[in-house]
2 protein chains.
Amino acid sequence: MADTATPTSPAPVDPASWTCPAPLHDQPVVVMGHGGGGALSAELVEQVFALAYGNATLAALTDSAVLHLGSGPGTARLAFSTDSYVVRPLFFPGGCIGDLAVNGTVNDLAMSGARPAFLSAAFVLEEGVELEVVGRVARAMGAAARAADVVVATGDTKVVEKGHGDGLYVTTSGIGVVPDGVDIRPQRAAPGDVVIVSGPVGLHGVAVMSVREGLEFGVEVTSDTAPLAGLVAAMLAVTPDVHVLRDPTRGGLAAALNEIARASGTGVRLAERAVPVPEPVANACGFLGLDPLCIANEGRLVAFVPRAAADAVLEAMRAHPQGTGATVIGECVAEHPGTVVVSTALGGTRVVDLPLGEQLPRIC
Amino acid sequence: MADTATPTSPAPVDPASWTCPAPLHDQPVVVMGHGGGGALSAELVEQVFALAYGNATLAALTDSAVLHLGSGPGTARLAFSTDSYVVRPLFFPGGCIGDLAVNGTVNDLAMSGARPAFLSAAFVLEEGVELEVVGRVARAMGAAARAADVVVATGDTKVVEKGHGDGLYVTTSGIGVVPDGVDIRPQRAAPGDVVIVSGPVGLHGVAVMSVREGLEFGVEVTSDTAPLAGLVAAMLAVTPDVHVLRDPTRGGLAAALNEIARASGTGVRLAERAVPVPEPVANACGFLGLDPLCIANEGRLVAFVPRAAADAVLEAMRAHPQGTGATVIGECVAEHPGTVVVSTALGGTRVVDLPLGEQLPRIC
């Protein structure tokens, strides 16, 4: 998931007069949570980047920016997205940093309804890393690109001294084309929308954690990393009027749904029992005191769809390999605007907050 | 400068059967020179990335890839480029990593004749870096973007633990639109072309080195970092038939000219005395045993222009703020194809090789 900002974009202040704001969350320095996709990340984007860049596009942006090139009737609407990948370790059950970097950017483009077309890949290599490792990562990127039907069109390589990296970091950017008639963005969530998730949640986060921390949870958990553009195309073939799409990566479902609730000024109501949490994920979360709603996914999407189209969209999702586990998990409501509430199994309700940081750093 | 590959692209081998080739230059691991923009970089792109990604686009690419979106008469030709920036220190005389990252990608786009339009910015921050530093870099990016008339449209932020970065790394990607009738690429260099450089060379490399190594060369040398898209537009207004443009960044003029000579199969002949090397750069190179032709520039371009248009192009360049020091430094010849030769002040000639790596690591 690329940087996002809540809809309260900063007042138009002259960037030249900008000074470092009061320490963000009382932090004068960067902490791990600034990269976690939660409240600290949002503050950094709003208070530092959006203001410094001096434009509203960034403040309004979701997983990818939708750009208009040229003017007139032939104007192309492009989706443009970027993400850096620093996942540790480089290889984990179900994938590696290479396919993650391709799928992640493909998915960010797909979340605006775009058909991904071209990627770039920029490496920061650490002196001393085996070329064999670089080659394995590059091959994984190539295979993932072919699977997602995108072309890696350009790239760059820098090298930093041993001790100033962690094997390799890679940044992918992507360009896609938004089909006519499609307008997918978090602001479009509306009361009456049905909230659908495309499959079980929490697998990526738990898979990475299991190898990093040497934990075992009964069965091996593999990452869900996968490209979602095909699934999105299948959904749009049913109706172009999908309101919102989001891939719940860093910060999990909790972060994705909070951002949508805030951007649209609507409420989101989830049924806890409806959220598909695989048993090993539930066990791992229980063991470690984590909330499955906050665990990162890399091959899932959450969709806000008008009620009238929901059954047909759900059917199309289930017929697609990436959506066999699609299920309704909640609805968009007029009550408690900007807030996500979950009905628990015991009949109570609780508020699901935007996580402050990420429970598991360097998950992608 | 983004990754480039020499025209001898690898044979179409099935990527699935790829194994790590015989150690590149006998190096089984990544060395600093793999990021230097010279022969080691080219080997890495050809033998690892281009093959793994399984497409010819990357093998043929220059500073940016020119892409066709859609089909038919309304098709847009887009330039797409990416570069990671790891310069050390973050701030140096004349600029910082922020404006360098904007200007570098703007220039890569401009080198295909494109009008830069949108940028992305992805940060890898090191835990513990002051937010004040991040803010200063972001402001420099905003100012540089406004100066170059591009919009920073999307971004991302990741954080790595203290000791796994170097303050911050940033990756910018850019999209530009290539005007109709423009076809600028290294393959188009042809005997008879005049070789023009837009101003004095070596300032960026020496400026960074001076602060990093604590050296002084009589006067303070400041980086030439600057956006070149305006200069390119002024040149194209004279003639759309500019054959080649290149910004001689890592590896300097030597790398840029060698890549053009190899891609086009022509020879390049330089007059050593014609190359504008400022005195502090000459002094620094003499002192350190470096070749000014191999020093990185971040606000210069080299152009191959048909002889008939050269005078008019030169005049337009000199009338532009970024081209006041433009001068002819050589010509493209049919002799010694693929090779760059310089006529020395003493009347002899010497071959200018593609540098193996970069004399000064982490210069951009």
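From a predicted model like this one, the values you see are computed outputs, not experimental measurements.

Conventions adopted
- Residues numbered from 1 in each chain as written.
- Chains lettered and ligands numbered in written order.
- Predicted model: local features only at pLDDT ≥ 70, side-chain atom pairs only at ≥ 80, totals over all residues.
- Heavy atoms only, no water.
- Pairing = 2+ DSSP bridges.
- Helix = DSSP H or I, 4+ residues; strand = E, 2+ residues; numbered from the N terminus.
- Axes fitted to C-alpha atoms, helices over the stretch in contact; angles between N-to-C directions.
- Phe/Tyr/Trp six-rings, centres within 6.5 Å; stacked < 30°, edge-to-face > 60°.
- Buried < 20%, exposed > 50% of the residue type's maximum accessible area, 1.4 Å probe, protein only.
- Contact = heavy atoms within 4.5 Å.
- Buried area = accessible area lost by both parts, 1.4 Å probe.
- Salt bridge = Lys/Arg side-chain N within 4 Å of Asp/Glu carboxyl O.
- Least-squares fit on C-alpha atoms with pLDDT ≥ 70 in both.

I tried to follow the sheet that holds strand 6 (residues 151-160) of chain A on my own but got confused; where do I start?
Within a beta sheet, neighbouring strands are joined by backbone hydrogen bonds and run either parallel or antiparallel to one another. Residues and elements named next belong to chain A. Strand order in the open sheet formed by 5 strands is 1-2-7-5-6, with mixed pairing between adjacent strands. Across the chains shown, the open sheet's two edge strands, defined by having one partner strand only, are strand 1 (65-69) and strand 6. This sheet shows a mean twist of 20° between the axes of neighbouring strands, independent of strand direction. The sheet contact formed by strand 2 (residues 76-85) and strand 7 (residues 168-177) spans 8 bridges and is antiparallel. Looking at the pairing, Ser-81 lines up with Gly-174 of strand 7.

Is there a simple way to explain the packing of aromatic side chains in this structure?
The geometry of an aromatic ring pair is captured by two quantities: the separation of the ring centres and the angle between the planes. Residues and elements named next belong to chain A. Tallying each qualifying case throughout the model produces 4 aromatic pairs over all chains. Ring geometry for Phe-49 and Tyr-53: centres 5.9 Å apart, planes at 25°, overall stacked. Here Phe-49 and its partner Tyr-53 are both found in helix 1 (residues 39-53), 4 residues apart, which amounts to about one turn of the helix. The residues Phe-49 and Tyr-53 share a single accessibility class, namely buried.

Quick question: what am I supposed to make of the interface of chain A and chain B here?
Note on interface size: it is often stated as the accessible area lost on association of the parts. Of the residues lining the interface, 87 residues belong to chain A; the matching set on chain B comes to 87 residues. Each partner contributes to the roughly 7,200 Å² buried at the junction of chain A and chain B, and carbon and sulfur atoms together form 66% of this total. Summed over the three residues of chain A that lose the most area to chain B, namely A:Val30, A:Tyr53 and A:Leu131, the buried surface amounts to 11% of that side. One can count 7 salt bridges joining chain A with chain B. B:Arg250 is the partner of A:Asp156 in a salt bridge, and the nearest nitrogen-oxygen pair spans 2.9 Å.

Would you explain the pairing of strand 1 (residues 65-69) of chain B in this entry?
Looking along a regular strand, one sees side chains alternate from face to face of the sheet. Residue and element names in this part refer to chain B. Residue alternation in strand 1 divides its side chains into a buried set, Ala-65, Leu-67 and Leu-69, and an unburied set, Val-66 and His-68. Bridge analysis of strand 1 against strand 2 (residues 76-85) gives 5 bridges, and the strand direction is antiparallel. Counted as the bridge partner of Val-66 is Ala-79 from strand 2.

When you look at the relation of the copies chain A and chain B in this model, what are you seeing that I'm missing?
Superposition of the two copies of the chain requires a rotation about an axis together with a shift along that axis. Superposing chain A onto chain B requires a rotation of 180° together with a translation of 0.0 Å along the rotation axis, leaving an RMSD of 0.0 Å. Interpreted geometrically, this transformation is the action of a two-fold axis. Most of the interface of chain A is mirrored in chain B, where 100% of its interface residues again form contacts.

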